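Listed here are the chains, written in short residue letters.
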Amino acid sequence: MAARRTVKSFTSTKEDKQKIEPITFELEGETFEAFGQVPGAVLLDFIALSSQEDSSGTAEAIQGYLKSSMDKANYRRFDKLTRDPEILVELSTLADIVSYLIEERTADRPTA
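Overview of the structure. Just so we're clear, the structure is a prediction, and the values are computed from it rather than from any experiment. Residue positions within a chain follow its written sequence, with the count starting from 1. Residues qualify for local features only when their pLDDT is at least 70, as the model is predicted, and side-chain atom pairs are given and counted only at 80 or more; totals for whole chains, interfaces and linings, by contrast, use all residues. Side-chain measures here rest on the full set of heavy atoms in the structure, leaving out hydrogens and waters.

## What about the side chain of S69?
In this text, helices come from DSSP runs of H or I with a minimum length of four residues, and strands from runs of E with a minimum of two, each type numbered from the N-terminal end. Turning to its location among the elements, S69 is positioned in helix α3 (residues 55–69). What qualifies as a polar contact is a pair of N or O atoms within 3.5 Å, subject to a donor-acceptor requirement within protein and to the restriction that residues adjacent in sequence count only when both atoms come from side chains. Within the structure, S69 has its side chain in polar contact with the side chain of R105 (distance 2.9 Å). Discounting chain neighbours no more than four positions away, the residues touching S69 are A34, F35, V38, L101 and R105. Whether two residues are in contact is decided by their heavy atoms: any pair within 4.5 Å suffices.

And the structure:
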């Protein structure tokens, strides 16, 4: 008879979620507020898509991460600004914003 395996339970601590402050950043003089944290699956999606050989995966990764990083109102303003032909926000700037958000979200996180 096979030995019975124990069940390992995983959960996120609700107390930690309540302590996470939003991340504020500016783009072209406008202030935006991003979630202090995103689900781990969002970061996994970003990594998987940005690791693809073609540039369309990277573009999809950046767009998806940014969209998942803000509430609807902030993202709507952000998207409108980044598509404005008179402002011309470059792809490298969008990539810098994603890098900044990831750094802020992973800095000083407990690992245990």
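Once you've had a look at it, read on.
## Structural notes on the pattern of salt bridges
Whenever Lys or Arg places a side-chain nitrogen within 4 Å of a carboxyl oxygen from Asp or Glu, that contact is recorded as a salt bridge. Under the criterion given, the structure shown has two salt bridges. Between R77 and E30 there is a salt bridge; the shortest N-O distance is 2.9 Å. Highlighted residues: R77 in helix α4 (residues 72–82) and E30 in strand β2 (residues 30–34), separated in sequence by 47 residues. Under the scheme applied here, a residue whose accessible area is under 20% of the maximum for its type counts as buried, over 50% as exposed, and between as partly exposed, the area being computed with a 1.4 Å probe on protein chains only. Judged by relative accessible area, E30 falls into the partly exposed class, the value being 30%. Of the charged contacts, one joins D79 and R83 as a salt bridge, the two residues approaching to 2.8 Å between their closest N and O atoms. On the basis of relative accessible area, R83 is assigned to the exposed category, the value being 56%.

## Details of α4
Along α4, the positions that sit buried rather than exposed are N74, Y75, F78, L81 and T82. The arc that holds every buried residue of α4, seen down its axis, measures 125°, which confines them to one face. Exposed residues on α4 whose side chains face more than 90 degrees from its buried face are K72, R76 and K80. Tucked into the core, α4 has its buried residues touching β1 (23–27), β2, α3 and α5 (91–106). By construction, the arc corresponds to the directions joining the helix axis to the C-beta atoms.

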